[in-house]
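# Fold and geometry: a report
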Amino acid sequence: MGAAVRVRGLVKKFGNFTAVNGLTFDIEEGEIFGLLGPNGSGKSTTLLIIATVYKPTAGDVEVYGHSVTKRPDEVRKLVGIAFQDPKALWVDNPYELLVWHAMVVGYGLLDARRAVREIMEELEIWEHRGKLFSELSGGTRKKVEIAKLFLQKPKVSIFDEPTAQLDVTTKHRVWEMIRALKDEGRTVIVATNDMTEAERLSDRVGIIYKGSLRALGSPAELKDRIPAGDVLELRVDGALGEHVISALARALGTEKLNVSNGTLKAYVNRGEEKAAIAIETLSRLGVRVRSISIKEPTLDDVFFYFTGAQLGEGK
Amino acid sequence: MSIWDDLRALALIAFWDVRKLRRYTFFLAMRFSWFLLQVLVFGLLVANMVSVGNLDYYKFYVVGAFMAVLFSMSMVKGHDVVEEFEDGLIDYQLSLPVKRRVLAIGRAVGGGLSAFLHSLPMLIVVLAVLGIESLPAALALAFASFVFASSLAGVAMSVALVLRSSDRLDILMGVSDSLLVRVSTIFYPIAAVSAVAAYYYLAKVNPLSHMVDALRLIAIPEVVQGSTVSSAQAMIAFLTGFAVAAILSSLVLLDKKIEGGYGR
Ligand SMILES: Nc1ncnc2c1ncn2[C@@H]1O[C@H](COP(=O)(O)OP(=O)(O)OP(=O)(O)O)[C@@H](O)[C@H]1O
Ligand SMILES: [Mg+2]
């Protein structure tokens, strides 16, 4: 499978301020791509350029080979976006707005009504269909916004913080719905600050910070890239001698070991492999392992490492 | 995409403005009362005070008052667009799978249609006051009003997209309302303004003069025959040119210049 979206040297300036500063990456066809970054890092700006709402200052984006600068009309047929801030007039009622949207994206009137009803029921907002938009709760507005994209089902679906205001149950439902889009062969881009969301949903994530790409890969790959990010915890019978500890350090290839109260902690990469090595090494030395656990770094750790950490250390 | 898909999209985009009709009920009621007052009281008073040759000034005035309404209803569309910018709705529309050209024309037509619908009650008053019974004349008036409203709304929306600020737009609208309406043949016959040369030439090139006199030629030909701003053919040519220029400029604008993000 090729790239659905190619971002090349993308720059976006607002006046003197550079919001996106030379982004280059591909989004593969059929994947869920998570765009991660702290507030103001340029996620929404990037997504809005892909959706042809903003024009790049420099660089380009191609969606299935169509450039957003040269053939935006073609790009727009393939891309849809659910905005971070729900878009509606305060006098709109959700049902009419969604039916209008459905028709603009190609449904006939009757199909539009049926599909809107289905999606509103699925998102549990059918009862709010006749209210004014200004009367809706934040979460309900957000549901109306993402409903647009589930109706539209474009080849490339862009969600800008889709579950930001949703309760836990709804979050899980929306994640399932997003995964269903992928299962139908569509490409999905999700901008988020929510690590659980990124981790559960994304095949790959790109971490951006101050408009630049800091890391790109699957969540597992990125975790592995944090030096000694996994923690092995071993409980053993009896005391651990110096020779055992240094043998273990050699076998695991790490200096970072510490022992307290019969628990040994080793900071390593690729925890699962190292756990096997640790057990083997210890039993060869006649030490009985009672329990072992691996604590992986969370995506939070990854996020801090690639954004926060570099803030302080300037690496 | 076939031409039918484009037309379908155009109709849907145009419907965007029309469906907002209900938020204007109070505004429309005010406008309508004011219009009745103009036509039934002020118009009669003024017509009794002035005489321009043998022109029936009252009938002349009634069509002018309607044109002034049509103009300001079309200008309101500019406000709508600025408001939509502020609410991010222009961003939303820019993201829809619709060609930019279709979006531009659709919004202009929708703006024109809704300005026309807003003015429709006044048009009916005009028909009644002038005693127009011929259906072709009424339909021609309605159609011409709709076309004029679309070009004016297109211009207002384009200006709004460039200004992107309700304050600046308010000022500009205030000025254009007083200037454009005054320096035209909306209330003053071209013969009457010929005394002031600058005024005369400005009124001659003002599209509103051509629009209002075109409406008069349809509604009250016996009154204005020979005293319009130009000949019928010249007015049609001028107004067609104006509509085309309005549409082209908004197309270029939307295609090349406009992007989303009202300060966000
Ligand atoms: N239309 C605009 N005009 C001026 N500055 C803008 C505009 N849009 C975004 N910015 C600025 O660009 C930067 C990036 O904004 P963007 O919305 O892309 O960030 P984000 O990563 O989506 O943040 P968040 O997590 O808060 O949504 C911010 O500093 C923002 O203030
Ligand atoms: Mg954002």
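See the structure above.
These numbers were taken from a predicted model, which means no experiment stands behind them.

### Description of the overall build of chain B
- Helix and strand counts for chain B stand at twelve helices and zero strands.
- Taken from N to C terminus, the helices and strands of chain B fall in the order α-α-α-α-α-α-α-α-α-α-α-α.
- Across the 264 residues of chain B, 53% fall into the buried class.
- Counting only contacts in chain B whose residues sit at least 6 apart along the sequence, the fraction spanning at least 24 positions is 79%.
- Surface accessibility of chain B: about 11600 Å² in total, with carbon and sulfur atoms responsible for 70%.
- A distance of 3 Å separates the average location of the 20 positive side-chain charges in chain B from that of its 18 negative side-chain charges.

### Description of the site of ligand 1
- Among the 17 residues in the neighbourhood of ligand 1, the closest are listed as A:G40, A:K43, A:S44, A:T45 and A:Q84.
- Mapping the residues near ligand 1 onto chains gives chains A and B.
- One nitrogen or oxygen atom from the side chain of A:S44 is found 2.7 Å from an oxygen atom belonging to ligand 1.
- Between ligand 1 and the protein, one listed contact pairs an oxygen atom with a side-chain N or O atom of A:T45 at 2.6 Å.
- Burial of ligand 1 by the protein amounts to 80% of the accessible area it has alone, namely 630 Å².
- Residue assignment for the shell around ligand 1 shows that the elements contributing at least two residues are strand 2 (17-28) and helix 1 (43-50) of chain A.

### Here we look at the coordination of the magnesium ion (ligand 2)
Residue and element names in this part refer to chain A.
- With distances of 1.9 to 2.1 Å, the protein atoms coordinating the magnesium ion (ligand 2) are S44 (OG) and Q84 (OE1). Within this pair, whereas S44 is found in helix 1, its partner Q84 is found in the loop between strand 6 (79-82) and helix 3 (94-104), the two being separated by 40 residues in sequence.
- In this structure Q84 comes out as partly exposed when scored by relative accessible area, which is 29%.

### Quick look at helix 9 (residues 242-252) of chain A
- What helix 9 of chain A keeps buried is the set A:V244, A:I245, A:A247, A:L248, A:A249 and A:L252.
- Directly after helix 9 of chain A, the chain includes A:G253, whose backbone phi takes a positive value near 70°.

Scoring rules and cut-offs
- Residues numbered from 1 in each chain as written.
- Chains lettered and ligands numbered in written order.
- Predicted model: local features only at pLDDT ≥ 70, side-chain atom pairs only at ≥ 80, totals over all residues.
- Heavy atoms only, no water.
- Helix = DSSP H or I, 4+ residues; strand = E, 2+ residues; numbered from the N terminus.
- Buried < 20%, exposed > 50% of the residue type's maximum accessible area, 1.4 Å probe, protein only.
- Contact = heavy atoms within 4.5 Å.
- Areas by Shrake-Rupley, 256 points an atom, 1.4 Å probe, with all protein chains shown as cover.
- Lys, Arg positive; Asp, Glu negative; His and termini not counted.
- Charge placed at Lys NZ, Arg CZ, Asp CG, Glu CD.
- Near = heavy atom within 4 Å.
- Polar contact = N/O pair within 3.5 Å; in protein donor to acceptor, adjacent residues only side chain to side chain.
- Donors = N, O, S within 2.8 Å, 3.2 Å for Na, K, Ca; no water.

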